[in-house]
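Remarks on the overall topology
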Amino acid sequence: DGKCHVTEYQTVIKYCPRCGRWNRGEEPKDLQKARVIFGTNVKCVAVYFLVQQLLPVWRVQGIFQDLFDISVSQGSLCHFVQEIGTQLKDWESLCRIQLLNSPRAHVDETGLRCQKKNHWAHVVSNEDLTLINLHEKRGSQALKDIGILPEYKGHLIHDGFTMYWSYGKTHSLCNAHILRELKYLTEENDKKWSYEMAKVLKTALHEIHSSHSSRSACWKQRLKKNFLNVLKMGYKEEGFAKEWKGRPPDGYKLIINKKGEKKKVPFYLRRKQSKSLNLLDRLRDFQPEVLAFGLKKNIPFSNNQAERDFRMIRLKEKISGCFRSQEMATHFLRVKSYLSTLRKQQASLLENLMLVSVCC
């Protein structure tokens, strides 16, 4: 009803004439730690405002004071998040198991300020689940410590960061990143091939969405052919027309292995390359991963799923600032992962937060 209800507990002390002792009534466990405790509704609404709506602590204080006439300290509000985060440890373990069994997983990472230092939030998610973990490092050491990708055997969708190629069985690249690079080359460097490549990718995506007969053998061959034609056009425009199949070696050097056998090994000299040529090399070397959305079923066009999952974390830094402790950041990200999963599954956020607070 929007009103504050206060429950007063009175401890009664009685004298037992049989045993001759004074007996004191038992208090609720929470009251043994503090003289004033808050109920489930206050805790869950506070966590909702702090984690889901990303409000600063002092603004949540003002909301409770203005709407409910409840005075809550900043320490209590932070303790609510830590309490719910601790109760979600079992859920996090189940989420890890389900993500390991998922056929596809989106992965990405973003910087997060904690204790005046730059930490990294690593996200692993799919259409139904979200799990965000905090680590001091960005690279493979962080993924090993988090412990999901080293055991994952499914399909990974990512932005092409080097460490992700060591995990998963198959891969596909985020074409949203590629389209942004192509747009830059078209507008800033006036490259014709980048416009045509973007047109090929967008047309293929439109045909997949608009037609149920796409992904036929003929359609896949036509997609590959159009892709290679634009690739040849790009290398020709850059002045390296013969490199569309691969860069020829600049020479060979003679090496002797442990058995004493001589063998010629090609070597490549370092050369200065433009952004356009770098992108062409990437599209040439990772053609199956770039076109995976059209060549395979149920492969998304981009990695926007992972970016959407941690976009609010970046917004939190702009609104509320950074974290003062790693423990608070860990609990915050765990609760945020839980709420994101609930939103994907179209479940009530407040009702499930209350179930966590009461049942766990």
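Here's a quick rundown of the structure. (Residues numbered from 1 in each chain as written. Predicted model: local features only at pLDDT ≥ 70, side-chain atom pairs only at ≥ 80, totals over all residues. Heavy atoms only, no water.)

A word on the side chain of His-158. With respect to the helices, strands and loops of the structure, His-158 is situated in strand 6 (residues 155-158). For His-158, a relative accessible area of 0% gives the class buried. Here Gly-160 takes part through its backbone nitrogen, which lies 2.9 Å from a polar atom of the side chain of His-158. Apart from residues lying up to four places away in sequence, His-158 is in contact with Val-107, Tyr-164, Trp-165, His-171, Ser-172, Leu-173, Cys-174 and Asn-303. (Helix = DSSP H or I, 4+ residues; strand = E, 2+ residues; numbered from the N terminus. Buried < 20%, exposed > 50% of the residue type's maximum accessible area, 1.4 Å probe, protein only. Polar contact = N/O pair within 3.5 Å; in protein donor to acceptor, adjacent residues only side chain to side chain. Contact = heavy atoms within 4.5 Å.)

Now for the pairing of strand 8 (residues 251-256). As defined by bridge partners, strand 8 adjoins strand 9 (residues 262-267) across 6 bridges and the pair is classed as antiparallel. Paired with Gly-251 across the bridge in strand 9 is Phe-267. Counting the residues between successive antiparallel strands, the hairpin from strand 8 to strand 9 contains 5 residues, one of them, Gly-260, with a positive phi of roughly 85°. (Pairing = 2+ DSSP bridges.)

Another aspect to go through is a nonpolar patch on the surface. Among the surface-exposed residues, Ile-13, Tyr-15 and Trp-22 lie close enough to one another that they form a single nonpolar patch of about 380 Å² accessible area. Following the sequence through the fold, Tyr-15 ends up in strand 1 (residues 13-15). (Patch = residues over 30% accessible without salt bridge, like charges linked within 9 Å, V, L, I, M, F, W, Y side chains within 5 Å. Areas by Shrake-Rupley, 256 points an atom, 1.4 Å probe, with all protein chains shown as cover. Salt bridge = Lys/Arg side-chain N within 4 Å of Asp/Glu carboxyl O.)

Pairing is mixed across the open sheet formed by 5 strands, whose spatial order is 5-4-3-6-7. On the outer flanks of this sheet lie strand 5 (130-135) and strand 7 (170-173), each paired with one strand and no other. Between one strand and the next, the sheet's axes are offset by a mean angle of 25°, whatever the strand orientation. Two strands pair when backbone bridges link them, and strand 4 (residues 117-125) and strand 5 are joined in this way by 6 bridges, in the antiparallel orientation. Within strand 5, the residue paired with Ala-121 across the bridge is Leu-134. Where helix 13 (residues 326-344) meets the sheet, its contacts fall on strand 3 (104-114), strand 4 and strand 5, and the angle it forms with strand 5 comes to roughly 165°. (Axes fitted to C-alpha atoms, helices over the stretch in contact; angles between N-to-C directions.)

Quick look at the packing of aromatic side chains now. The geometry of two aromatic rings is summed up by the distance between their centres and the angle between their planes. One pass over the full model with this rule turns up 9 aromatic pairs. A ring pair is formed by Tyr-15 and Trp-22, whose centres lie 5.1 Å apart and whose planes are at 55°; its orientation type is tilted. In this structure Tyr-15 comes out as partly exposed when scored by relative accessible area, which is 45%. Taking the ring centre of Phe-161 as reference, the NZ or CZ of Arg-138 above it sits at 4.2 Å. The ring centre of Phe-240 lies 4.5 Å from the NZ or CZ of Arg-271, which sits over that ring. (Phe/Tyr/Trp six-rings, centres within 6.5 Å; stacked < 30°, edge-to-face > 60°. Lys NZ or Arg CZ within 6 Å of the ring centre and 35° of its normal.)

Time to look at the environment of Ile-63. By the secondary structure assignment, Ile-63 is in helix 2 (residues 57-68). When the C-alpha atoms of Ile-63 and Phe-49 are compared, they prove to be 9.4 Å apart, with 14 residues separating the residues in sequence. Here Ile-63 is in contact with Phe-49, Leu-55 and Phe-68, once residues within four sequence places are set aside.

To continue, consider the side chain of Glu-317. Counting through the fold element by element, Glu-317 comes out in helix 12 (residues 304-320). Judged by its relative accessible area of 17%, Glu-317 falls in the buried class. Among the polar contacts listed, one links the side chain of Glu-317 to the backbone nitrogen of Arg-113, at a separation of 2.7 Å. If we ignore the near neighbours within four places in the chain, the residues touching Glu-317 are Gly-111, Leu-112 and Arg-113.

Between helix 3 (residues 74-87) and helix 13, whose axes approach to 8 Å, the crossing angle comes to 60°. The way helix 3 lies across helix 13 gives a crossing that is left-handed. Taken together, the residues of helix 13 that come into contact with helix 3 (itself represented by Cys-78, Val-81, Gln-82, Ile-84, Gly-85 and Thr-86) are Met-328, His-331, Phe-332, Arg-334 and Val-335. By residue class, the composition of the contact of helix 3 with helix 13 is 6 nonpolar, 4 polar and 1 charged. (Left-handed = near helix turned anticlockwise from the far one by under 90°. Nonpolar A, V, L, I, M, F, W, Y, C, P; charged D, E, K, R; others polar.)

Here we take up the pattern of salt bridges. Applying the stated criterion to the full structure yields 14 salt bridges. Residue Glu-109 is joined to Arg-138 by a salt bridge in which the shortest nitrogen-to-oxygen separation is 2.9 Å. Note that Glu-109 is positioned in strand 3 and Arg-138 in the loop between strand 5 and helix 5 (140-146), a separation of 29 residues in sequence. Connected through salt bridges with shared partners, the residues Glu-92, Arg-96 and Arg-334 form a single ionic network.

Here the focus is unusual backbone geometry. Unlike most non-glycine residues, Asp-69 shows phi in positive territory, near 55°. Along the chain, Asp-69 turns up in the loop between helix 2 and helix 3. Of note, Asp-190 is a non-glycine position whose phi angle comes to about 55°, a positive value. Along the chain, Asp-190 turns up in the loop between helix 6 (175-188) and helix 7 (192-210). Accessibility expressed as a relative area gives 62% for Asp-190, which makes it exposed.

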